[in-house]
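Spelled out from the first residue to the last, the chains are:
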Amino acid sequence: MIKQLEITAHTQDVPTVLEHLNSTPKGLSDKEAVLRTEIFGRNELDEGKRKTIFGMFMEQFKNIMIIILLIAAVISGFMHELTDTFIILAVIIINAILGVIQENKAEKALAALKKMAAPHVKVKRDGVVRQIRTEELVPGDIVLLEAGDFVPADMRLIECASMKVEEAALTGESVPVEKIIAKLEKADLVLGDRLNMAYSGSSVTYGRGSGVVTATGMNTEVGKIARHLTQSESQETPLQKKLAEMSKILSVGIVIVSIFIFLVGIFQGRDRFEMFLTSVSLAVAAIPEGLPAVITIVLALGVQKMARRNAIIRKLSAVETLGSTEIICSDKTGTLTQNKMTVKEVYLDGKVAQVGKTDYPGMEVFMQILALCNDANLVYENNEVVDIQGDPTETALARLAADHGFKKDVLEQEIPRTNEIPFDSDRKLMTTIHQYGNELRAMTKGAPDMLLERCDRILINGKVEALTPDMVKQVQAANREMAQKALRVLALAYQDLEKTTVSFNSATVEHKLVFVGLAGMIDPPRPEVREAVRVCREAGIRPIMITGDHRDTAAAIAKELGIIKDENEIITGSELSQISDAEFEKRVTQYSVYARVSPDHKVRIVKAWKNMGKIVAMTGDGVNDAPALKSSDIGVGMGITGTDVTKSVSNMVLADDNFATIVLAVEEGRKIYSNIRKTIQFLLSSNLGEVVTLFIGTMLNWTVLLPIHILWVNLVTDTFPALALGVEKAEKDVMRHKPRRAGTSFFAEGVGVSIIYQGIIKGLITLSVFYIGSRFYSQSVAITMTFVTLGLIQLTHSFNVRSNTKSLFTLGFFSNMYLVAAVSVAAFLQVGVVLFPFLNRIFKVEPLNLTQWLVVLAGSLLIIPIVEAGKIIYNRFAKQD
């Protein structure tokens, strides 16, 4: 009985692996393949248990606030307040529908993963090469690979001919990896260091080879990622946690007050049914029916604004989560960097120079070699080079040459290639032979140490000189200098051949070469990222780099971006594997850069920060990022370079792949959270004002308001200003504050105190107006004055809650025109109920005279100076603290 090799195949030699898998270089028989399909299943990803639309819809009701609203709707129906019932149910259903639309991300991710596999693959069966569908592959199959092929399953390579594999989507390494077949000693190597393995989802960019399949389907590395996606539990966002907390407090308070008023009424000898209805009316009055709808709309408006700034939100609650982000774990390749190898420095005529500042006599020969000893292809549009296709290293060299006027296709017409000696891993060189005028010229590039050994001359200031030991030391020093900057260095040389040369191989061509220079390249940082990192730090957000690249490369980029100051802040994946979860959680704050990591490492990093109570955002573009994106509080995918998998599991996608866009999104998230708090403060203080009015009125045996009045105030004079508060402009210093902690209450920083004292004051002012009305006028006039005052006082109070610390007179009454418009419309509707006779009968109110209107206006405006005084007192105490 054979078993799939998942971890140890890279530590075994080819015969041992074949023996373990009961396979041979000729492949399996068809009969054996069928048998193994029954044992291991098809080479495809399981979809997991799919949620039905109905199931997702019902899940939206597992929320305390929604349950409270459902109870309120039932009670309102019992009291024959059908309008209230229908409105509440409409709010609930709309929110549920919006929730369903945002669901089902895991299924989309798996579909995207499936697309990464090519439909057919070449295998050996019974010693004959044939094509089969990828899902028919089984462990033990011998698969043939060549440039352009997708790798269809995890495999141990058994044959390699200069084969390079692009693994960026899986490992994060930006350069294709040169593969070998020799066994490796260390068992705990990260995927990117397992040079004798090829993994499902990667692609061959150069050369050819073959391998024996060691794992298929869900046992591949991509399969493990798929399993993470299907098994990961959806995380509650900070906003959802805060709303749940607030809902619990609200529900307990409502129940206590309702029971208390019912018992007091019974004690006073009132009718039990009447007191039950009164208690229920009080409960309904205390529930902010419009709150879920207002929050949904505020978040939706934020989503639209962020979309205009290239941040596409896939889940509404993610908007607010960004505002509380404390840690941003970012993949390096394609996110912090451009995912485009670029030549940064060159060594010519004995000097190291920055690209763009090079104008030496030997430059022409140097550029010719860059362009011609190269298999990249230039893509034109309207006679302009718009793209260069090929191996990333070769495209970087061809791009530099083209930028200096040495276009490969143009040069090849003048200096055609007649022969070549392909690159291989033993020589680490590539040579092309060209017709150079009447002569033949060999142009060679490769590893500096290997090429220098084959050179006996050097091109200096346009002249060929003997390569002395001192000159060799200078070249070696320049190579070390570039390598210390994490540049990938290639050396260039040439040799003019005899016209009679007939045998073109390494022995006859790659010796007695003329050394020309060095080219140092790297995947450079995005130009805007350094400033984005600075702003992050100023905002109290810690940027973390997580990459599959080597330590030196990661260190160079991180230092350039300002993510680290010294290399003590770097740890590699192999070092991380030696640390237990408990120990890592103690040390996680020491590290800002993680190099050569695997997908599991990324998840560990995210979870370690989350276990410290931090809100973690994870950015990424490759398949390897998907599990960590889903484990984080907010996953940020890349819209251009990102795979479909990462986009599918992300909460937010950056349309421009710009790290700086995250900073803009964080700013918008902080503003939205602040505005949601203002909205909640406004609504709860308004509802508390209603409760105080009804509660004290009932205690005094006063009939101060009718049920229709409460409904009107809740849904008209509350909702419009609440929406306008949701689009309040951000404070100028919003990105100079530290992020709020995950456990910070909605009611912290004076919000809870403000809700209580402002609600009580509004209730007392409203009761005072009722007392004046009943003392000097009739009961019906008193109720009308109370109704109008309760509505208008909430409208004027909406200006107060724009800031708990800044004076309204400092902010200005007209700096939020949306609020001015909302208050104007709501005030017109509120006053219109009294002014228009045909509405008097519906709302059971009486027309008011000028004196009565002045009393109402005075009561409505009185809340402004009282709250202004409260702000002065709060600021003085805050300064003392």
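Predicted, not measured: the structure shown is a model, and the values here were computed from it. (Residues numbered from 1 in each chain as written. Predicted model: local features only at pLDDT ≥ 70, side-chain atom pairs only at ≥ 80, totals over all residues. Heavy atoms only, no water.)

**Q** Would you explain the packing of aromatic side chains in this entry?
**A** Here a ring pair, both rings aromatic, is described through the centre-centre distance and the interplanar angle of the planes. Counting across every chain of the model gives nine aromatic pairs. Geometrically, the ring pair formed by W702 and F770 is tilted, given 5.2 Å between the ring centres and 35° between the ring planes. Placement of W702 in the loop between α27 (659-699) and α28 (707-717) and of F770 in helix α30 (residues 751-776) is noted, with a sequence separation of 68 residues between them. By relative accessible area, which is 1% here, F770 ends up buried. What links up through ring pairs into an aromatic cluster is the set F584, Y591 and Y594. (Phe/Tyr/Trp six-rings, centres within 6.5 Å; stacked < 30°, edge-to-face > 60°. Helix = DSSP H or I, 4+ residues; strand = E, 2+ residues; numbered from the N terminus. Buried < 20%, exposed > 50% of the residue type's maximum accessible area, 1.4 Å probe, protein only.)

**Q** How do you make sense of the sheet that holds strand β21 (residues 542-546) when you look at a structure like this?
**A** Hydrogen bonds along the backbone pair up the strands of a sheet, which may run parallel or antiparallel. With respect to topology, eight strands assemble into an open sheet ordered β8-β26-β25-β24-β9-β21-β23-β22, the strand pairing being mixed. Each of the sheet's edge strands pairs with one partner strand only, and the pair in question is β8 (311-313) and β22 (570-572). With strand direction ignored, the average angle separating the axes of adjacent strands in the sheet is 20°. Sheet analysis places strand β24 (residues 616-620) next to strand β25 (residues 634-638), joined by four bridges and oriented parallel. Considered in β25, the bridge of M618 is made with G635. In the packing of helix α21 (residues 551-561) onto the sheet, contacts are made with β21, β22 and β23 (593-595), and the angle to β23 comes to roughly 155°. Along the sheet, helix α24 (residues 599-611) contacts β9 (327-331), β21, β23 and β24; its crossing angle with β24, the most-contacted strand, is approximately 160°. (Pairing = 2+ DSSP bridges. Axes fitted to C-alpha atoms, helices over the stretch in contact; angles between N-to-C directions. Contact = heavy atoms within 4.5 Å.)

**Q** Help me understand unusual backbone geometry in this model?
**A** Trans peptide bonds make up most of the peptide bonds, and negative phi angles are found at most residues other than glycine. In this structure, A486 is a non-glycine residue whose phi angle is positive, near 65°. One can find A486 in the loop between α18 (469-484) and β19 (488-497). For A486, a relative accessible area of 8% gives the class buried. Phi angles above zero are rare outside glycine, and R596 is one such case at about 55°. Following the sequence through the fold, R596 ends up in the loop between β23 and α24.

**Q** Teacher, can you tell me more about the pattern of salt bridges here?
**A** Where charged atoms from two side chains of opposite charge approach closely, those side chains can pair. Taken as a whole and judged by the stated rule, the model has 37 salt bridges. With a closest N to O distance of 2.7 Å, E510 and R427 form a salt bridge. Highlighted residues: E510 in the loop between α19 (506-509) and β20 (513-522) and R427 in the loop between β14 (417-421) and β15 (429-436), separated in sequence by 83 residues. Owing to a relative accessible area of 2%, E510 belongs among the buried residues under this scheme. When the shortest N-O distance is used, the salt bridge between R534 and E531 registers 2.6 Å. Here R534 pairs with E531, and both are found in helix α20 (residues 529-538), just three residues apart, close to one helical turn. (Salt bridge = Lys/Arg side-chain N within 4 Å of Asp/Glu carboxyl O.)

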